[in-house]
Amino acid sequence: MKLKIENTLNKNIIKFIAPSTLVEGSYEISDIKDAANIPLAQELLQLPFITNIFITANFIAIQKNDMIEWDMVIDEVKELIEDELLANPTVVLQPSKAPISVYVEMTPNASVMKFVTNRILVEGIIELKNIEEAKEVPLAQYLFSFPYIKEIFISDNFVSITKTDNSKWEDISMEIRFNISEYIREEKEISTIKNFSTYKSIDHNNREFSEAELRIKNILDEYVLPAIAGDGGNIELISFDENTKIAKMLLQGACNGCPSSTFTLKNGIEELLKQMLPNEVESVEAVNG
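These remarks concern the structure in this document. (Residues numbered from 1 in each chain as written. Predicted model: local features only at pLDDT ≥ 70, side-chain atom pairs only at ≥ 80, totals over all residues. Heavy atoms only, no water.)

**Re the sheet that holds strand E2 (residues 13–17)**
- Taken together, the five strands give an open sheet; going across it, the order is E1-E2-E5-E4-E3, and neighbouring strands pair in antiparallel fashion. Because the sheet does not close on itself, it has two edges, and the strands there are strand E1 (4–7) and strand E3 (26–29). Here the strands of the sheet are splayed against their neighbours by 20° on average, with no regard to which way each runs.
- One ladder, built from four bridges, connects E1 with E2; its direction is antiparallel. Opposite lysine 4, over in E2, you have isoleucine 17 as the bridge partner.
- Contacts from helix H2 (residues 70–87) reach E1, E2 and strand E5 (59–64) within the one sheet, and its direction differs from that of E2 by about 30°. (Pairing = 2+ DSSP bridges. Helix = DSSP H or I, 4+ residues; strand = E, 2+ residues; numbered from the N terminus. Axes fitted to C-alpha atoms, helices over the stretch in contact; angles between N-to-C directions. Contact = heavy atoms within 4.5 Å.)

Now the structure itself:
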């Protein structure tokens, strides 16, 4: 590509005009860190006398400092620009997107499998029992279209799928993995929910928790939730009766209906709360989501 040289009113700025459009819009670059996707600007800024680059339409305007005159370097700059435009005619390279990855994890619940992605899907928790509940969750609507999917739990970067009783993971897990991966790769909408609700059947999100309940919730958040989330589930305090000293917990995702979750609840969480809140908590009961 042959360039024409044009002077400007500023003696330190020269325009290099191309015979065709170089870019849509305009780009002004004065620092190498701003030139990540513009190889031409990266090369020009290696020259110690260039202070600013402006690229728009069909020309490149270059500003130098006062340490050198244009007639000493203009041919060198022109040749550099022509060579770079030959190598990268698009001028501005589109940033490459990280590939989508989805891997599969077993959970303690044999009916639930966890599909973990390298993208954050939602900021919050969504638990859906059927397609009727998925009106605001396009990803879930899509997944419910497959007959072997019974329930869906989405949180952070994973989807926990509960399969139907008559299906086998060895027959469906790879298909689910592929479908989730393709859905995310095509940048389709995950959810349109504005205010996430952890609870679907219990409407008490806006009530104030007592001091005792807050102590229990803090222990769950710090000591229990990380491990539960790792297994594709969630556990939340529903209520605590200070008279009976019974704490009721909501189990979601892989925890919902899992035989081992009852054991974990009674022998893990209950014992933890008894140790950390002696004489305050006596028992923990599960409520499946």
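So, next bit.
**A few points about a negative patch on the surface**
- Residues Asp75, Glu76, Glu79 and Asp83 make up a contiguous surface patch of negative charge.
- In this structure, glutamate 76 sits in helix H2.
- By relative accessible area, glutamate 76 is classed as partly exposed at 42%. (Patch = residues over 30% accessible without salt bridge, like charges linked within 9 Å, V, L, I, M, F, W, Y side chains within 5 Å. Areas by Shrake-Rupley, 256 points an atom, 1.4 Å probe, with all protein chains shown as cover. Salt bridge = Lys/Arg side-chain N within 4 Å of Asp/Glu carboxyl O. Lys, Arg positive; Asp, Glu negative; His and termini not counted. Charge placed at Lys NZ, Arg CZ, Asp CG, Glu CD. Buried < 20%, exposed > 50% of the residue type's maximum accessible area, 1.4 Å probe, protein only.)

**Considering H2**
- With 18 residues, H2 should cover 26 Å at 1.5 Å per step; its first-to-last C-alpha distance of 25 Å lies within 8% of that length.
- Among the residues making up H2, those that are buried are Trp70, Val73, Ile74, Val77, Lys78, Ile81, Glu82, Glu84 and Leu85.
- Where the residues of H2 are buried, they touch E1, E2, helix H1 (39–44) and E5. (Expected span 1.5 Å × (residues − 1).)

**As for the packing of aromatic side chains**
- Throughout the structure, instances matching the rule amount to six aromatic pairs.
- Here the aromatic rings of phenylalanine 115 and tryptophan 169 are separated by 6.4 Å at their centres, their planes lie at 55°, and the arrangement is tilted. Here phenylalanine 115, found in strand E7 (residues 112–117), pairs with tryptophan 169, found in helix H4 (residues 169–185); they are 54 residues apart in sequence, far enough to count as distant.
- You can call phenylalanine 115 buried: its relative accessible area is 0%.
- Summarising the aromatic geometry, the rings of phenylalanine 146 and tyrosine 148 are spaced 5.9 Å apart at their centres and angled 20° between planes, so their arrangement reads as stacked. Like tyrosine 148, phenylalanine 146 is buried.
- Site record: aromatic cluster; members linked through ring pairs are Tyr142, Phe146, Tyr148 and Tyr183.
- Residue placement shows lysine 114 over the ring face of phenylalanine 158; its charged tip is 4.5 Å from the ring centre. (Phe/Tyr/Trp six-rings, centres within 6.5 Å; stacked < 30°, edge-to-face > 60°. Lys NZ or Arg CZ within 6 Å of the ring centre and 35° of its normal.)

**Remarks on the pattern of salt bridges**
- Per the stated rule, a full pass over the model turns up twelve salt bridges.
- Here lysine 33 and aspartate 31 are joined by a salt bridge, their closest N and O atoms 3.5 Å apart.
- Put simply, Glu127, Lys129 and Glu151 are held in one network by salt bridges that share partners.

**Focus: H4**
- Along its 17 residues, H4 runs 23 Å from first to last C-alpha, staying within 8% of the 24 Å computed at 1.5 Å per residue.
- In this structure, the buried side of H4 is in contact with strand E6 (102–106), E7, helix H3 (138–144), strand E9 (149–156) and strand E10 (158–163).
- The positive-phi residue at the C-terminal boundary of H4 is glutamate 187, with phi of around 60°.

**Let's talk about the pairing of E6**
- The pairing of E6 with E7 spans five bridges and is antiparallel. Following the sheet pairing, tyrosine 103 is matched in E7 by valine 116.
- The antiparallel hairpin formed by E6 and E7 contains five residues in its connecting segment.

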